[in-house]
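# Descriptive analysis of the structure
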Amino acid sequence: MGRILIRKFLETLGFVLFITFISFLFIRMAPGDPVLTILNVDELSVSQEQVEALREEMGFNQPLLVQYGQWLLDFVRLDFGQSYVTGQPVMKMIMGGLPATLELTGGALVIMLLIALPLGSLSALYRNSWIDHMSRLLSIIGAAVPSFWLGLILIDLFGVRLGWLPTMGRDGWISLLLPSLTLGLAISSVYVRLLRSSLLDSLGQEFVRAARARGYSELRIFWVHALRHSLPPVITVFGVSLGSLIGGVVVIEVLFAYPGIGKLVVDSIRQRDYPLIQGYILVMAAIVFVVNTLVDLSYRYLNPEMKLKERKTG
Amino acid sequence: MLGACSSPSSSAKEQGKHISFLYNFSTNSLDPHVDSSYVPIRAGITETLVRLDEDNLTVAPWLAESWEGTDGQNWKIKLRDNVTFQNGKPMTGDAVKASLDRAMTESIAVKNALKIKSIQADGNTLQIVTTQPFPEFISELVNPNTSIIDVTETDVVNKPVGTGPFLLSSFTPGSKLEVKRYDGYWDGASPLDGVTFAFNEDANARSLALRSGQVDIVYRPEIESLDTLNAEPGIKVESTSTFRVHQLTMNMERPALQDVNVRRAMDALIDRQKIVDTILLGHGEAATGPFLPSLPFAPTYEPSPLGADAAVDYLQQAGYSLVNGQMQKDGKPLQLTLLTYPARADLPLIAQVFQSDAKKIGIQVEIRQIDTPEDYMAANRDWDLATYSNLTAPRGDAGYYLNATYHPDGALNFSGAEDPKLTAIIDQLNRTVEPEKRAVLAERAADYVHDNVINSFVLHPSTIVAYNEEKVKNWITTRSEYYMITNKLDVM
């Protein structure tokens, strides 16, 4: 266990260096720099000279490697810089928005579980029945409908027509319902199908037949044996698809004006607020690392075979 | 009122007289000196020394009662008496000086814009010297980033303390702020108890929020949803022309466009009314020049010939003729590259209309999408025309636009205009103090731009606001878009 963590940690360090360097390059090579935003050229009279002077002052004329080195030095000192736009420390802004985003992701995961577990299980248990066909149809629709559109339909239904739920903002759990429902619906379609095929695979395995032969109840076979055995692939995919979940959060946050870091990063990309974009990528890399580690560790609980293999090879 | 109780915002209504306002940009900071979405002034928290008089489109007193500065460099500003900040402290000359000093330290944009050398406070009078004769100094103080706040308050980012009719009670970055009435407001306290000022960048979601009753006023609902909103009982849609102009920038460094007749042909090809009607669904005003016609320095233009025939005439004068369906000169077809960018959704559509109209008279227009027009146009000169959108008199003065767009030093001079006569007019404008004389010079510059077709002007888009007319009283859709929540706003 300790060795795994140390190895993971070193891997992460390399990963963080790689990802921050690549993103640094991409952000700076993209057209546009924050100088025009800072000088507010849209509304204030500015001369070319002043633009050039500020560019020089902010170090944008230095080679990219020097700029990255500077960022890295600050990073080692745990200084993540200040937003060019608000002048606030980047980490303070990100930490301010993080709870809202985690709330939303959590809400979406709960919705996803509430949909995917029963639907996936039922369509595996009653293969080729009407419920199987229906769930497959639903997952195709779910995969095809863009989440912002789904969100607008839900707003129209629950906000405008029925008037039950607030359509935007973050005022307690009630305002979490619509955005997490939208996001949860959007991601659940993948997991319904995945759980179904994984369960079908497990149900056909030797140990299920053996359990049946021992006379265990179908319910126990399903919950204790088959379901547990079919979760690792689902969780693996979850680890991998975390990125797209985060991407989905960004869209939903903008639509529902939910004040998380997704919205924050959209603003900062528009304004070329480099320190904030860079800080966001760093925090996301850290979250992906933590989740992937948890996913790895969860295999050992769900599938005892892996622990055995490790003992043999290690 | 009964029906409203079933809506999700009923809890807000229990607080008494309350209005919910939904704006289309969000902000993560309320520091009035750096926040470029100007939320503190829009939400009625802060005020500036002078404001824009929306009726006459001139600069009017606000926190300043009067000002003098005949030489354009030494300014004396007399502040209004008996103004207090929302923490009860009096607004003194020293407090205003400290606030202006802070604005210039925090924002390099403000520092550049004000060109202040020194400020001296003496009671309720300020003596300000600018670094150079700078006649538009007073109009620059309309800029919301020069808002007067009490700088002794520590958390300016999350809780600025200004002199406006509403004081901040809570702020959720990126989402909303709550303000409540400031009883000591100098111009008469608001009849409202409080206002929720929320943000949502999605136009569809904004329209739906109004229809659901969650908010009472929405800024810029989606144009496509206006029919639905209009049909809804109790919702009023209002639109007013802005100081913005959508223009066709001409790159004067390209050989074909160096000929004024080619530029005139381009200008004649723009079917302005069609664009206003089809793309903006009527929510705009066809433009002849850069300035809104109601501004005191907007020239009256002689109508010039427009349409495809006029364009062909101009091109023939420039030596072009139609060969095999192509407009040619010396065997070379007229092919143009037109830049556009998606950040303003109507610009790419305008580009397409132009492209198809040009094709009808044998001109090939290649449309190229770019991301950030300011950067691209400054760094690359491989284009002929560009759709661009610009505020032309954001503070009621023409100096900003003329300097930025037509002076050789200007940061937005993408057409590459370097015309000694035009530069001389702008330089003279920059030295002239009296508003009437400035208006004459600004008018002369706008005329010069028009006569030489340095750029072409398409339309002034409107600001659209929709609100619950059964509840909201005294809402005014301003042209400057600076003043939204005022002490006059009320509920029925």
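Residues numbered from 1 in each chain as written. Chains lettered and ligands numbered in written order. Predicted model: local features only at pLDDT ≥ 70, side-chain atom pairs only at ≥ 80, totals over all residues. Heavy atoms only, no water.

Labelled according to an unreviewed UniProt entry, chain B appears under the name ABC transporter substrate-binding protein, originating from Paenibacillus bovis. Taken from UniProt, the Sequence similarities (unreviewed entry) comment for chain B reads in full: "Belongs to the bacterial solute-binding protein 5 family." (UniProt positions renumbered as here; feature names shortened; annotations may be inferred.)

In the annotation of an unreviewed UniProt entry, chain A is listed under the name Nickel import system permease protein NikB and assigned to Paenibacillus bovis. Regarding chain A, the UniProt comment filed under Subunit (unreviewed entry) reads as follows: "The complex is composed of two ATP-binding proteins (NikD and NikE), two transmembrane proteins (NikB and NikC) and a solute-binding protein (NikA)." In its Subcellular location (unreviewed entry) section, the UniProt entry covering chain A states "Cell membrane".

### Here we look at the overall build of chain B
Broken down by element type, chain B carries 16 helices and 23 strands. Across its three principal axes, chain B shows a C-alpha extent of roughly 75 × 60 × 35 Å. Relative to its 492 residues, chain B shows a buried fraction of 60%. Considering only intrachain contacts with a sequence separation of at least 6, the fraction spanning at least 24 residues in chain B is 69%. Of the roughly 18,800 Å² of accessible surface on chain B, 48% is carried by carbon and sulfur atoms. If the 44 positive side-chain charges of chain B are averaged to one point and the 64 negative ones to another, these points end up 1 Å apart. (Helix = DSSP H or I, 4+ residues; strand = E, 2+ residues; numbered from the N terminus. Buried < 20%, exposed > 50% of the residue type's maximum accessible area, 1.4 Å probe, protein only. Contact = heavy atoms within 4.5 Å. Areas by Shrake-Rupley, 256 points an atom, 1.4 Å probe, with all protein chains shown as cover. Lys, Arg positive; Asp, Glu negative; His and termini not counted. Charge placed at Lys NZ, Arg CZ, Asp CG, Glu CD.)

### Here's the deal with the side chain of A:S175
Turning to its location among the elements, A:S175 is positioned in helix α8 (residues 174–203). Reaching out from A:S175, the side chain makes a polar contact with the backbone nitrogen of A:D171 at a distance of 2.7 Å. (Polar contact = N/O pair within 3.5 Å; in protein donor to acceptor, adjacent residues only side chain to side chain.)

### Section: a nonpolar patch on the surface
Residue and element names in this part refer to chain A. On the surface, W130, M134, L137, L138 and I141 cluster together to form a nonpolar patch covering roughly 540 Å² of accessible area. As for its placement among the helices and strands, L137 is situated in helix α6 (residues 130–144). Note on L137: relative accessible area 51%, which makes it exposed. (Patch = residues over 30% accessible without salt bridge, like charges linked within 9 Å, V, L, I, M, F, W, Y side chains within 5 Å. Salt bridge = Lys/Arg side-chain N within 4 Å of Asp/Glu carboxyl O.)

### What to know about the UniProt feature "transmembrane region" (unreviewed entry) in chain A
Residue and element names in this part refer to chain A. The residues that UniProt annotates with the feature "transmembrane region" (unreviewed entry) are residues 12–30, 104–125, 137–160, 172–192, 234–257 and 277–302. Here residues 104–125 runs as 100% helix and 0% strand, with 31 Å between its end C-alpha atoms. Taken as a whole, residues 137–160 contains 92% helix and 0% strand, while its terminal C-alpha atoms sit 28 Å from one another.

### Notes on the pairing of strand β21 (residues 455–468) of chain B
Residues and elements named next belong to chain B. The element β21 is extensively covered by neighbouring structure, given that 13 of its 14 residues are classed as buried. Where strand β11 (residues 217–219) meets β21, 3 bridges bridge the pair, whose relative direction is antiparallel. Each residue of the ladder has a partner; that of V218, found in β21, is A466. Of the pairings in the sheet, the one linking strand β12 (residues 235–241) to β21 comprises 7 bridges and is antiparallel in character. Counterpart to S241 in the pairing with β21 is S462. Sheet topology places strand β13 (residues 244–250) next to β21; 4 bridges connect them, and they run antiparallel. Note that in β21 the partner of Q247 across the bridge is F457. Two strands pair when backbone bridges link them, and strand β14 (residues 284–286) and β21 are joined in this way by 3 bridges, in the antiparallel orientation. Residue pairing across strands places G284 opposite P461, the latter belonging to β21. (Pairing = 2+ DSSP bridges.)

### With respect to helix α7 (residues 203–211) of chain B
Residue and element names in this part refer to chain B. What α7 keeps buried is the set A205, R206, S207, L208, A209 and L210. A side-chain oxygen of the first residue of α7 lies 3.1 Å from the backbone nitrogen of N204; this N-cap is D202. Directly after α7, the chain includes G213, whose backbone phi takes a positive value near 85°.

### Topic: the interface of chain A and chain B
Each side of the interface is counted separately: chain A has 47 residues, and chain B has 52 residues. When the area that chain A buries against chain B is broken down by residue, the three leading residues are A:E43, A:L44 and A:M168, summing to 17%. Here chain A is connected to chain B by 2 salt bridges. With a closest N to O distance of 3.0 Å, A:K263 and B:E201 form a salt bridge. Connecting chain A to chain B are 18 residue pairs in polar contact (both at pLDDT 80 or more). When residues of the side of chain A that touches chain B are traced back to their parent elements, those giving at least two are α2 (35–38), α3 (48–57), α5 (90–125), α7 (147–161), α10 (218–255) and α11 (261–270) of chain A. Looking at the side of chain A that touches chain B residue by residue, the classes come out as 23 nonpolar, 12 polar and 12 charged. (Buried area = accessible area lost by both parts, 1.4 Å probe. Nonpolar A, V, L, I, M, F, W, Y, C, P; charged D, E, K, R; others polar.)

### Remarks on unusual backbone geometry
All names here are of chain A. For N40, which is not glycine, the phi torsion reads 55° and is therefore positive. Topologically, N40 is positioned in the loop between α2 and α3. Backbone geometry places L78, a non-glycine residue, at a positive phi of 60°. Turning to its location among the elements, L78 is positioned in the loop between α4 (64–76) and α5.

### With respect to the sheet that holds strand β17 (residues 332–333) of chain B
Sheet strands associate in pairs through backbone hydrogen bonding, adopting either a parallel or an antiparallel arrangement. Residues and elements named next belong to chain B. Strand order in this open sheet of 3 strands is β15-β16-β17, and the pairing throughout is antiparallel. Each edge of the open sheet carries a strand with a single partner, namely β15 (321–323) and β17. Across 3 bridges, the pairing between β15 and strand β16 (residues 326–329) is antiparallel. Within β16, the position partnered with L322 by the bridge is M327.

### Some points on the pairing of strand β18 (residues 335–340) of chain B
Residue and element names in this part refer to chain B. Burial analysis of β18 places 5 of its 6 residues in the buried class, the great majority of the element. Note that β18 and strand β19 (residues 364–369) share 6 bridges and pair parallel. Looking across to β19, one finds that Q335 is bridged to Q364. Between β18 and its parallel partner β19, the chain crosses via helix α12 (residues 346–360), and the hand of that crossover is right-handed. In this sheet, strand β20 (residues 385–391) lies alongside β18 in parallel orientation, the contact comprising 2 bridges. Bridged to L338 within β20 is L385. (Right-handed = clockwise from strand over helix to strand, strands pointing away.)

### Things to note about the domain arrangement of chain A
Residues and elements named next belong to chain A. Domain annotation of chain A identifies domain 1 (24–79) and domain 2 (97–313). Each of domain 1 and domain 2 has a C-alpha centre, and the two are 38 Å apart. Contacts between domain 1 and domain 2 engage 11 residues on the former and 7 residues on the latter. Contact between domain 1 and domain 2 buries roughly 910 Å² in total, counting both sides, with carbon and sulfur atoms accounting for 67%. On the domain 1 side of the contact with domain 2, I27, P34 and W71 bury the most area, a combined 48% of that side's loss. (Domains from an automatic or database assignment.)

### Points about the pattern of salt bridges
On inspection of all chains with the given rule, the structure shows 31 salt bridges over all chains. When salt bridges with common partners are traced through the structure, they connect A:D132, A:R136 and A:R196 into a single cluster.

### Here's the deal with the packing of aromatic side chains
Residues and elements named next belong to chain B. Counted under the stated rule, the structure contains 28 aromatic pairs over all chains. Here F21 and Y23 contribute two aromatic rings whose centre-to-centre distance is 6.4 Å and whose plane-to-plane angle is 20°, an arrangement assigned as stacked. By the burial criterion, F21 is buried, and Y23 matches it. Arranged with centres 5.4 Å apart and planes meeting at 40°, the rings of W75 and F137 form a pair that is tilted. Taken together, the residues span a long stretch of sequence, with W75 in strand β5 (residues 74–79) and F137 in helix α6 (residues 137–140) at a distance of 62 residues. In this pair, the class of W75 matches that of F137, namely buried. (Phe/Tyr/Trp six-rings, centres within 6.5 Å; stacked < 30°, edge-to-face > 60°.)

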